[in-house]
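Analysis of the macromolecular model
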Number of protein chains: 2
Amino acid sequence: MTIRYTVDFKNGRVELSHGAGGRSMAQLITELFAAAFDNPYLAQGNDGTLLPPASGRLVMSTDSHVVSPLFFAGGDIGCLSVHGTINDVAMMGAVPLYLSAAFILEEGFLLSELKRIVLSMAQAAVDAGVPIVTGDTKVVEQGKGDGVFITTTCVGVVADGINLSGDQARHGDKILLSGSIGDHGMAVLSMRENLSFDAPIVSDTAALHTLVAAMLASGVNLRVLRDPTRGGLATTVNEIAQQSAVGMLLDEAAIVVHESVAAACEFLGLDPLYIANEGKLIAICAPGDAAHLLAVMRAHPQAREAAVIGEVREDAHHFVQMTTKLGGRRMVDWLAGEQLPRIC
Amino acid sequence: MTIRYTVDFKNGRVELSHGAGGRSMAQLITELFAAAFDNPYLAQGNDGTLLPPASGRLVMSTDSHVVSPLFFAGGDIGCLSVHGTINDVAMMGAVPLYLSAAFILEEGFLLSELKRIVLSMAQAAVDAGVPIVTGDTKVVEQGKGDGVFITTTCVGVVADGINLSGDQARHGDKILLSGSIGDHGMAVLSMRENLSFDAPIVSDTAALHTLVAAMLASGVNLRVLRDPTRGGLATTVNEIAQQSAVGMLLDEAAIVVHESVAAACEFLGLDPLYIANEGKLIAICAPGDAAHLLAVMRAHPQAREAAVIGEVREDAHHFVQMTTKLGGRRMVDWLAGEQLPRIC
């Protein structure tokens, strides 16, 4: 009789025992998670992780990731789960410090795919400089999950004097967007629907905290930062308009939509304004700062296509409107219904 | 045509739109999560939550909760998800400060049940004094989840001079257990299997941070704290033995197993040593401190049945052994296989 002491990442599958708290789980943690996320915090091996004191106000954000399919052009659920939560912390003007990662695995899921996802997460965390310091693994029976769900939580600190919030947009402020919209959502959807287009659509998934750091370092009077993820640009600007009790007027011609994304949206009857992004941000600043902020953004590799896409207006109804390319004006409402489920 | 502006918590069900980032999701967040978890942090309404500076070393812990069934005697997935993560932070000797909560909902899940769960979470958070400061909601299609999964992350701070870790058990140290074992696991299992016993089995799910605070305040030289959850007491002591590179000798007669739990375990062929607990802790202390620590624990309502259940021994193999009630001695190994899946 041979006792198998190692996890079979080539042909093995997730079993219920991998989440039961015993030896199998310990092996999976040691051979996969601890090996991939390798850092001294995670290596403590206790239920919670002890971290140094943090100087400054804390910021905390969490996201469950249920994207389907798990792999798509430009990324996968692994790197997405790192970028998404880092970005939420970065949008507060904070420096992201630590990530936690909790996995809900479906019995029967290929360990080879899990390993691929975990290595992608690990690379994203290294690239971002934000270690995954603690985690959890649960397994549900086949048919009670969908491969893998990953919930990440990020803790960061925000320096004194930085106060970004969705309720600070003021009449006359300029609205900037860091680049093209719709890439992530259409990359996932085209993979899901098995569509292919002449030009491939690649997710923009990325961690934006270095871009944010450059914007904060510019000395510009930033009011609001937010990343237009689920619900897309349209929903995000509506959220800000409501929080700040203002209206907005966008300029359609200034909003970059890559040709392949526009074509895919037209084919599927979708509006790119409502398609999720994972590597873009909206910035709102005082009008006199817009030109300088735009230059700073365009100097960063993640915002070469940045543009001023509109301005904040007084409006008792907190409506967002848009000047169309044809010179008309239309309402830009919140997303209604589920245009695109499981996009992140 | 009537436009429905409110969520129907009486007859409604989770729809994919509740996770799509648009108006439906905003309504669910406002009318359920924000209303139930009501606190000024959550009310900020940004992607991340801004929190005050924290004084001391940080502690961070995360857990996904996939317990099945969702409701059981003594608790439900809601309060469990609050207690479980608070306890992981408390076991580091830390004061839990903030919780995040991320929900993965299955399309078609009853909103009335979701509300019941969320209210239970809210009450648990209030009782523990640890606010839920940020969250996330995702929805997966029917058959791709199982009602609701909840991932919580807790951040706390640990005071200077407190250094608890699984690698600090030393030869001669005493091992204390705060009460009976097996109650949580058997409460869930008896509900799942629709078993009924003469005496009802009630989960011990509870937040243990006030008990830990009392133990720390006693001045006792505590080495290790850990809560014996998945894998039960047996697995937890083996983890500590391995981390500390020691052996252990337990005393079966000192380990409290309630009669109904013992009967249920016998009926199902389970060993209570491997059954999960959610409101118990193991403490390891210097031998001279054991009597004082035991008195302090017994004075706390959560540890009236506390006992010294064994001691740390030198053992190059890091084996855990147990003196049986009949006077023999047997090995207590790690949990192998999935004795009891989805117990937390």
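What comes next concerns the included structure. (Residues numbered from 1 in each chain as written. Chains lettered and ligands numbered in written order. Predicted model: local features only at pLDDT ≥ 70, side-chain atom pairs only at ≥ 80, totals over all residues. Heavy atoms only, no water.)

Quick word on helix 6 (residues 232-244) of chain B
Residue and element names in this part refer to chain B. Compared with the 18 Å implied by 1.5 Å per residue over 13 residues, the 19 Å span of helix 6 between its first and last C-alpha is a close match. Burial runs high along helix 6: 10 of the 13 residues are buried. Buried within helix 6 are the following residues: Gly-232, Leu-233, Ala-234, Thr-235, Thr-236, Val-237, Asn-238, Ile-240, Ala-241 and Ser-244. Contacts from the buried residues of helix 6 go to strand 8 (174-177), strand 9 (222-226), strand 10 (247-251), strand 11 (282-285), strand 12 (307-313) and strand 13 (320-323). (Helix = DSSP H or I, 4+ residues; strand = E, 2+ residues; numbered from the N terminus. Expected span 1.5 Å × (residues − 1). Buried < 20%, exposed > 50% of the residue type's maximum accessible area, 1.4 Å probe, protein only. Contact = heavy atoms within 4.5 Å.)

So, the sheet that holds strand 8 (residues 174-177) of chain A
Residues and elements named next belong to chain A. With respect to topology, seven strands assemble into an open sheet ordered 9-11-8-12-10-13-14, the strand pairing being mixed. Of all strands in the sheet, those with a lone pairing partner are strand 9 (222-226) and strand 14 (329-331), marking the two edges. Ignoring which end each strand starts from, the neighbouring axes of this sheet average 25° apart. (Pairing = 2+ DSSP bridges. Axes fitted to C-alpha atoms, helices over the stretch in contact; angles between N-to-C directions.)

A short note on the environment of Thr-323 of chain B
Position of Thr-323 of chain B relative to the elements: it lies in strand 13. Separated by 59 residues in sequence, Thr-323 of chain B and Ala-264 of chain B have C-alpha atoms that sit 23 Å apart.

Side note on the interface of chain A and chain B
Taken residue by residue, the interface counts 75 residues in chain A and 74 residues in chain B. Where chain A abuts chain B, roughly 6,000 Å² becomes buried across the two surfaces, and 58% of that area is made up of carbon and sulfur atoms. Summed over the three residues of chain A that lose the most area to chain B, namely Leu-58, Met-60 and Arg-230 of chain A, the buried surface amounts to 13% of that side. Summed over the shared surface of chain A and chain B, the result is 10 salt bridges. (Buried area = accessible area lost by both parts, 1.4 Å probe. Salt bridge = Lys/Arg side-chain N within 4 Å of Asp/Glu carboxyl O.)

Points about the packing of aromatic side chains
Think of a pair of aromatic rings as described by two things: how far the centres are apart, and how the planes are tilted against each other in angle. Scanning the entire structure with this criterion turns up seven aromatic pairs over all chains. Judged by centre distance (5.6 Å) and plane angle (85°), the rings of Tyr-41 of chain A and Tyr-98 of chain A are edge-to-face. Taken together, the positions of Tyr-41 of chain A in the loop between helix 1 (23-37) and strand 1 (49-53) and Tyr-98 of chain A in strand 5 (residues 95-106) put the pair 57 residues apart, joining distant regions of the chain. By relative accessible area, Tyr-98 of chain A is classed as buried at 8%. Judged by centre distance (6.2 Å) and plane angle (35°), the ring pair of Phe-33 of chain B and Phe-37 of chain B falls under tilted. Within this pair, Phe-33 of chain B and its partner Phe-37 of chain B are both found in helix 1 (residues 23-37), separated by four residues, close to a single helical turn. Each of the two residues, Phe-33 of chain B as well as Phe-37 of chain B, counts as buried. Linked through ring pairs, Phe-33, Phe-37 and Phe-103 of chain A together constitute an aromatic cluster. In this arrangement the basic side chain of Arg-116 of chain A is found over the ring face of Phe-71 of chain A, its NZ or CZ atom lying 3.7 Å from the centre. (Phe/Tyr/Trp six-rings, centres within 6.5 Å; stacked < 30°, edge-to-face > 60°. Lys NZ or Arg CZ within 6 Å of the ring centre and 35° of its normal.)

Quick look at the sheet that holds strand 1 of chain A
Strand order in this open sheet of five strands is 1(A)-2(B)-7(B)-5(B)-6(B), and the pairing throughout is mixed. Bordering the open sheet on either side are strand 1 of chain A together with strand 6 (132-140) of chain B, each of which pairs with just one other strand. Within the sheet, the average angular offset between the axes of one strand and its neighbour, ignoring direction, is 20°. Across eight bridges, the pairing between strand 5 (residues 95-106) of chain B and strand 6 of chain B is parallel. Bridge pairing in strand 6 of chain B places Leu-99 of chain B opposite Ile-132 of chain B. On top of the sheet, helix 2 (residues 77-90) of chain B reaches strand 2 (57-65), strand 5, strand 6 and strand 7 (148-158) of chain B; it is set at about 150° to strand 2 of chain B, its chief contact.

Notes on the relation of the copies chain A and chain B
Once chain A is rotated about the relating axis by 180° and shifted along it by 0.0 Å, it coincides with chain B to within an RMSD of 0.0 Å. Here the two chains are linked by the operation of a two-fold rotation axis. When each C-alpha of chain A is compared by its distance to the rotation axis, Gly-145 of chain A comes out closest, at 2.2 Å. When the interface residues of chain A are mapped onto chain B, 99% of them again lie at the interface, so the same face is used by both copies. (Least-squares fit on C-alpha atoms with pLDDT ≥ 70 in both.)

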